[in-house]
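# Examination of the molecular architecture
Single-letter residue listing:
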Amino acid sequence: MSNVSQQHLIFGAGLIGCYIGGALNILGKRVSLVCRPKIKLGLSSGIRLTDYQGNDKSTVSITCIDNLLNREVEQSQSKIDILWLTVKCTGIDQAVLDMKPWVHANTLILCCQNGLGSDAIVKNAYPNNKVLRVMVPFNVVESQPGQFHRGSEGSITIEQTKDTAHKVTQLVNELQSFILPITSTQDMNALLWAKLQLSLGNSVNALADIPVKAMLQQRSYRKVIGLLMTELLNVTDGLGLNLPKITAISAHKIPFILGLPNFIFNRVANKMLEIDPKVRSSMWWDVSQGKITEIEHINGAVLRHAKKLGISCPVNEKMCALITNLQNRSRVAEQQIPPISASMLLKHIS
């Protein structure tokens, strides 16, 4: 049976949630977005989706819910078949409480968080529902109100278990498109670790305070990312994980490639630089807006697993301290905190 008539709900629609919700709407799916009033206002004329390959699609209108106490909630409670949970790791505890009106016996919950471990909170809150992890590899920025731009490559990947294989396969087949590249995997654990390796650059980007592409064009910033990644790879080796290849370069070769001189790096890692020049990491956005970052779910996750294995990860430990200090200062500072140069960061971290 087709999934066209199924009702989707994007819970916590920020940049990623609005992109997914807009794509579902464009693909003809029934979808509603739970979002903040400011985001709802920005979507009043619909959603426009663009990407780094030049694709451009729009939807005139989309259903948004910005007040969890109003009648819109009551009217939509019985309709949700698939709930895309797109809040950040730091908002999971509150989200599992707020999304309760929409979760029914057959609601499939898709956890789209960065980092590791937050899905356990959802599974504990909804033990009778199918809860699957989702890996979102690309960056999204809001170019202007209602326009969401996918600035990098990669396919959304949904976890596939034995008892969800048919449902997930059907969902992937219906959603796969140029505007929403999507696939599935039976080994989500290894995939999330591979994504976590790439996410280690988020903290460096927050400290550098420049777009990701500009950051990658500076060798010392790349060296810091390489050191963080090397520690993660020591942990994944200790866990016996074989990380899948989710970029043009395999996981264990990335730190070496990052450390190459610029003129060589620009040649051998041209795919890595196929990023919209305006894209910044989600951690940079959190710091710039005075929010708590996901550092404990990214670099902190590496440290927690390393401790269990008896593996030392001093670079990730220093990075956690730097970001914690930065986010604390940014929340109380009256002016922008100056960035850390590539050479100074490398000197401090190594």
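Procedures and definitions
Residues numbered from 1 in each chain as written. Predicted model: local features only at pLDDT ≥ 70, side-chain atom pairs only at ≥ 80, totals over all residues. Heavy atoms only, no water. Salt bridge = Lys/Arg side-chain N within 4 Å of Asp/Glu carboxyl O. Helix = DSSP H or I, 4+ residues; strand = E, 2+ residues; numbered from the N terminus. Buried < 20%, exposed > 50% of the residue type's maximum accessible area, 1.4 Å probe, protein only. Phe/Tyr/Trp six-rings, centres within 6.5 Å; stacked < 30°, edge-to-face > 60°. Lys NZ or Arg CZ within 6 Å of the ring centre and 35° of its normal.

## Details of the pattern of salt bridges
As enumerated under the stated definition, the model contains 10 salt bridges in all. With its nearest N and O atoms 3.0 Å apart, the salt bridge here joins Lys29 to Glu174. With Lys29 in the loop between helix H1 (15-26) and strand E2 (30-34) and Glu174 in helix H6 (residues 165-175), this pair connects stretches of sequence that are 145 residues apart. Its relative accessible area of 9% is what places Lys29 among the buried residues. Since its relative accessible area comes to 22%, Glu174 is described here as partly exposed. When the shortest N-O distance is used, the salt bridge between Asp209 and Arg280 registers 3.3 Å. Residue Asp209 is located in the loop between helix H8 (201-208) and helix H9 (212-216), and its partner Arg280 is located in the loop between helix H12 (262-268) and helix H13 (282-288); the two are separated by 71 residues in the primary sequence. Both residues of the pair, Asp209 and Arg280, count as buried.

## Focus: the packing of aromatic side chains
The geometry of an aromatic ring pair comes down to the distance between the two centres and the angle between the two planes. Going through the model one piece at a time under the given rule, you end up with three aromatic pairs. Each ring, one from Phe11 and one from Trp102, has its centre 5.9 Å from the other, and the planes form 65 degrees; the classification is edge-to-face. Placement of the pair is Phe11 in strand E1 (residues 7-11) and Trp102 in the loop between helix H4 (92-98) and strand E7 (108-111), with a sequence separation of 91 residues. Judged by its relative accessible area of 0%, Trp102 is buried. Plain terms: the ring middles of Trp284 and Trp285 are 4.9 Å apart, the flat faces sit at 85 degrees to each other, and that makes the pair edge-to-face. Judged by relative accessible area, Trp284 falls into the buried class, the value being 13%. What makes Trp285 partly exposed here is its relative accessible area of 28%. The ring of Phe138 has Arg150 lying over it, and the distance from NZ or CZ to the ring centre is 5.3 Å. Its guanidinium or amino end placed over the ring of Trp284, Arg280 lies 4.3 Å from that ring's centre, counting from NZ or CZ.

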